[in-house]
Amino acid sequence: MPSSTTVRRLTAPVRPGAAAHGAFRHGLFAGVGAVLALALLAGLVAALMGAGRTASADPTRQLADRIRAQEAARNAKQVKTLTTQARDLATRLMPVLGQMETAMPHEGRAPRAAGAAEAGRWKAVTSAAVAALAHPPSGDTGYNVARSDFSAAVRALDGAVDSYRLALGAPPP
């Protein structure tokens, strides 16, 4: 019998990292979407600011306006390219995330361990995604941050696959 000073636990103990598996997958795509939206918004604001300026006879101001317009067009093109690339990579990575969720469920379901061959296929997909993001073109700050964050998330997933493979006894990549 518990003493009068003992407090009864009203909830079950939380397994460390239990929510991390699903949260990572949801957080990855929510974060990518938010960063891409911010980059697109920054490009649109820059374009609207450039479009709202009045024409000037000053050659320096005209040159500056022309450069701003070119940057806005470049930024819009880069955001569109990055959005397309992110959607393509997400489409390729979602099956890997689903299979990893099956192998390491976070909601109390029984795991179905993936074998070395399946983990090898995961590695091929995540390595290709890392390679696709390896040499980014330089852009404005919003674009660079969005691309860098998405690239970091993909590298983290690739690292998780490496960890799983090592746990299976597979050789390091």
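Residues numbered from 1 in each chain as written. Predicted model: local features only at pLDDT ≥ 70, side-chain atom pairs only at ≥ 80, totals over all residues. Heavy atoms only, no water.

Peer 1: How should the overall build of the protein chain be read in this particular structure?
Peer 2: Per the secondary structure count, the protein chain includes four helices and zero strands. Secondary structure elements in the protein chain, listed N-terminal to C-terminal, are α-α-α-α. A buried classification covers 29% of the 173 residues belonging to the protein chain. Considering only contacts within the protein chain whose residues lie at least 6 apart along the sequence, 75% involve residues at least 24 apart. (Helix = DSSP H or I, 4+ residues; strand = E, 2+ residues; numbered from the N terminus. Buried < 20%, exposed > 50% of the residue type's maximum accessible area, 1.4 Å probe, protein only. Contact = heavy atoms within 4.5 Å.)

Peer 1: Before we go on, may I ask you to explain the pattern of salt bridges in this structure?
Peer 2: A side chain with one charge may pair with a side chain of the opposite charge, provided their charged atoms come close. Evaluated as defined, the whole model comprises seven salt bridges. With its nearest N and O atoms 2.6 Å apart, the salt bridge here joins Arg68 to Asp65. Highlighted residues: Arg68 and Asp65, both in helix α2 (residues 59–103), separated by three residues, approximately one helical turn. According to the relative accessible area criterion, Asp65 is buried, its value standing at 18%. One salt bridge in this structure joins Arg109 and Glu107, with 3.3 Å as the shortest N-O distance. One network of salt bridges, in which partners are shared, links Glu101, Glu107 and Arg109. (Salt bridge = Lys/Arg side-chain N within 4 Å of Asp/Glu carboxyl O.)

Peer 1: I tried to follow α2 on my own but got confused; where do I start?
Peer 2: Owing to its 3.6 residues per turn, the α-helix brings residues three or four apart onto one side. Spanning 45 residues, α2 covers 64 Å between terminal C-alpha atoms, matching the ideal 66 Å at 1.5 Å per step. The largest bend in α2 amounts to roughly 35° and is located at Leu93, with the proline Pro95 lying one to four residues further along. (Expected span 1.5 Å × (residues − 1). Bend = angle between axes of the 7 residues up to and from the residue.)

Peer 1: How should the packing of aromatic side chains be read in this particular structure?
Peer 2: Geometry of an aromatic ring pair is reported as the spacing of the ring centres plus the angle between the planes. Across all of its chains, the model carries one aromatic pair by this definition. With centroids separated by 5.2 Å and ring planes inclined at 55°, the aromatic side chains of Trp122 and Tyr164 adopt a geometry described as tilted. One end of the pair, Trp122, is in helix α3 (residues 116–132); the other, Tyr164, is in helix α4 (residues 141–168), and 42 residues separate them in sequence. A single burial state applies to Trp122 and to Tyr164, both of which are buried. (Phe/Tyr/Trp six-rings, centres within 6.5 Å; stacked < 30°, edge-to-face > 60°.)

Peer 1: Would you explain the confidence of the model for the protein chain in this entry?
Peer 2: Any region with low pLDDT has predicted coordinates that should not be read closely. The predicted model of the protein chain has a mean per-residue pLDDT of 80, with 71% of residues at 70 or higher. Of all helices and strands in the protein chain, the one with the weakest mean pLDDT is helix α1 (residues 20–51) (64), whereas α3 scores best (95). Overall, residues 9–16 carries pLDDT values under 50, and its contacts beyond four positions in sequence, including any with other chains, amount to four contacts. (pLDDT = per-residue confidence, 0-100.)

Peer 1: Is there a simple way to think about the side chain of Asn75 in this case?
Peer 2: The residue Asn75 is located in helix α2 in this model. The exposure class of Asn75 is buried, given its relative accessible area of 7%. Side chain to side chain, Asn75 and Arg74 meet in a polar contact 3.5 Å long. (Polar contact = N/O pair within 3.5 Å; in protein donor to acceptor, adjacent residues only side chain to side chain.)

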